[in-house]
Structure formats: structure tokens, C-alpha cells
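These are the residues of each chain, in order.
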Amino acid sequence: MRAIAECVPHGTAVVADIGADHGLLLVEVLRSGRAARGIACDLREDPLRTAARTAARAGTSDRVELRLGDGLAPLHAGEADVVCIAGLGGATVRDVLTGGEGRLEGVQRLVLNPLRAEHHVRGWLRDHGWDLRAEHEIVEDGHYYAVLVAEPGDDDCDDAYADLELDRDAAMTIGPWIARGPSEHTRRRFEAELEHVQSIPGDRLAPRREVLERVVAFLRAT
Ligand SMILES: C[S@@+](CC[C@H](N)C(=O)[O-])C[C@H]1O[C@@H](n2cnc3c(N)ncnc32)[C@H](O)[C@@H]1O
């Protein structure tokens with residue numbers, strides 16, 4: 001949670017957390033002084049009740065607004081400076097961004113922590129004019145998390161992908177910054193994913209398998 005919170009820049013006026021659940025991310029962001037106010041959004045009422053209790057215990061209730069709704073729908077365009085989406089699958093994060101793209105107007109930074117399938121998110125960012133500024137790999141209790149930090153791009157080209165000797169799909173899968181300095185864990189993670197995909201009978205996953213084969217070949221050669 002702290003690694004995600006640290007991607008919110010100091011001096012942020014309003015940070016929105018989509019899929020806030022227990023509300024711990026906003027507590028971390030507000031208590032560290034990174035943002036002045038937070039908006040906790042969730043699809044369900046129960047998590048928002050929990051987020052309210054978390055904020056009360058942390059003494060941040062007066063700086064947190066709770067909003068019920070799907071994805072970015074509870075936000076108004078122009079009201080959040082930073083939007084965080086953590087702990088949802090990569091395809092869901094992509095769908096949330098697609099469904100609420102208009103509400104990202106004025107947002108200066110996206111902090112995204114997709115669980116699995118991060119390529120969907122990187123693909124969306126690239127296709128919608130957001131530049132990837134940083135990527136962090138976090139390994140906690142044997143689980144892998146990627147945190148992606150994106151900001152509005154000022155031209156059609158995202159420098160993160162410049163001079164990278166990888167095709168688009170492979171770059172989206174590893175991540176352009178991670179590919180520049182992959183760890184042992186990165187390689188093992190994609191070897192395990194490839195092994196899993198290879199174990200599934202039929203041709204349905206053949207395109208993904210081919211991408212993963214290129215990814216693993218690149219990581220073994222790096
Ligand atoms: C696994 S929790 C993630 C919690 C927290 N963000 C974290 O990283 O620990 C997922 C939360 O997202 C909410 N959620 C799922 N889909 C959503 C959507 N489309 N819009 C808003 N919230 C959503 C769920 O209700 C749940 O509270």
C-alpha cells in the first residue's frame with residue numbers, strides 16, 4: 001500500500017481512489033501529507049462503510065469524501081488531480097478507464113496497480129495519449145504487483161518505448177521500464193506464466209503463448 005501511496009506527489013490537492021474498499025490507501029496518502037483531500041469511490045456500499053470507519057480511526061474523516069458508483073462515474077471532470085486504481089484486474093482497470101475517460105480531464109497523474117494482465121492497461125495508456133513515467137515491481141509474500149505511473153502525454157510518442165528492442169505486445173507485457181532492468185523475479189514470473197499457458201489445451205491462448213515465448217526469450221537474453 002505504501003509503495004502505491006508514494007507514487008502520489010506531495011502537494012496534490014485532491015486524490016481519488018477508485019475501488020477504495022477498506023480505504024487504507026487514502027489514509028496512507030493523507031497521513032503522509034501527500035494530498036490535502038481524498039475521494040473514496042467504490043461500486044458497493046459495504047466497502048465504503050469500511051472506508052468510513054478506517055478514516056475515522058485514522059482521524060482523516062474531515063478530508064475524505066465517500067462516493068458510491070461504478071469506476072470513474074462518481075467523479076466530476078476536473079475535480080481530481082491524481083486518480084489511483086489499485087487491486088483490480090488489468091482488464092477491469094482498462095474498462096474503468098475506457099468507461100470514464102471524459103472524467104479524467106484535468107487529472108495530472110494516474111497511479112495504477114493492476115493485478116495480473118497489466119498489458120491491457122499499458123495498451124490503453126499508450127492508445128489514449130498517456131505516457132508511462134515509471135513502473136515499480138513489488139514482490140510481497142510471494143505475490144507480484146506492478147505499479148504504473150502515467151501522466152498526460154504532450155505528443156503521439158511515449159518515450160518509455162523509445163529504443164526498446166521489443167515488439168509492441170511483448171513491451172506491453174513486460175512493461176517498458178521494467179524491460180530496461182528486469183530482475184530475476186521478472187524472468188521467473190513470465191516463465192511460470194508461459195508454462196501455465198502451455199499447459200492449457202487448445203488454440204485459444206496461442207496468440208498469448210507466442211507473446212510470452214518472445215517475452216521469455218528476451219528476458220533470458222537480457
Ligand atoms: C480487491 S479490492 C481492492 C481494494 C484496494 N483498492 C486495494 O488495492 O487493496 C476491490 C474493490 O474494488 C471495488 N470495485 C470493483 N469493481 C469496481 C468498479 N468497477 N468500480 C468501483 N469499484 C469497484 C470492489 O467493490 C472492492 O471494494
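Described in the following lines is the structure provided in the data block.

**Structural notes on the overall build of the protein**
Inference 1: Within the protein, the secondary structure is distributed over 9 helices and 7 strands.
Inference 2: At 18 Å, the protein has a C-alpha radius of gyration in line with the 17 Å of a compact globule built from 222 residues.
Inference 3: Expressed as lengths along the three principal axes of its C-alpha atoms, the size of the protein is roughly 50 × 35 × 30 Å.
Inference 4: Taken across its 222 residues, the protein has 39% of its residues classed as buried.
Inference 5: Within the protein, contacts between residues separated by at least 24 positions form 68% of all contacts whose residues are at least 6 apart in sequence.

**Notes on the site of the ligand**
Inference 1: Taken together, 16 residues lie around the ligand, and Gly 19, Asp 21, Leu 43, Ala 86 and Gly 87 are the ones closest in.
Inference 2: For the shell around the ligand, the secondary structure elements donating two or more residues are strand S2 (35-42) and strand S4 (82-89).
Inference 3: If you tally residues by element for the shell around the ligand, the top one is S4, at 3 residues.
Inference 4: Split into classes, the residues belonging to the shell around the ligand amount to 9 nonpolar, 3 polar and 4 charged.

**Overview of the environment of Glu 191**
Inference 1: Structurally, Glu 191 can be placed in helix H8 (residues 184-198).
Inference 2: Look at Glu 191 and you get partly exposed, because 15 C-beta atoms sit within 10 Å.
Inference 3: Separated by 25 residues in sequence, Glu 191 and Val 216 place their C-alpha atoms 6.2 Å apart.

**Some points on the sheet that holds S4**
Inference 1: Spatially, 7 strands are ordered S3-S2-S1-S4-S5-S7-S6 in an open sheet, and the strand pairing comes out mixed. With one partner strand each, in any of the chains shown, strand S3 (64-68) and strand S6 (130-140) form the two edges of the open sheet. Pairwise comparison of adjacent strand axes, ignoring direction, gives a mean angle of 15° for this sheet.
Inference 2: Here S6 runs beside strand S7 (residues 143-152); their pairing, made up of 10 bridges, is antiparallel. Across the sheet, residue Glu 140 finds its bridge partner in S7, namely His 143.
Inference 3: Strands in contact with helix H3 (residues 45-58) are S2 and S3; relative to S3, the strand with the most contacts, it is inclined by about 175°.

Here is what the cut-offs are and how they apply
Residues numbered from 1 in each chain as written. Predicted model: local features only at pLDDT ≥ 70, side-chain atom pairs only at ≥ 80, totals over all residues. Helix = DSSP H or I, 4+ residues; strand = E, 2+ residues; numbered from the N terminus. Rg over C-alpha atoms; globule rule 2.2 N^0.38 Å. Buried ≥ 20, exposed ≤ 12 C-beta atoms within 10 Å, placed from the backbone. Contact = placed C-beta atoms within 7 Å. Near = placed C-beta within 6 Å. Nonpolar A, V, L, I, M, F, W, Y, C, P; charged D, E, K, R; others polar. Pairing = 2+ DSSP bridges. Axes fitted to C-alpha atoms, helices over the stretch in contact; angles between N-to-C directions.

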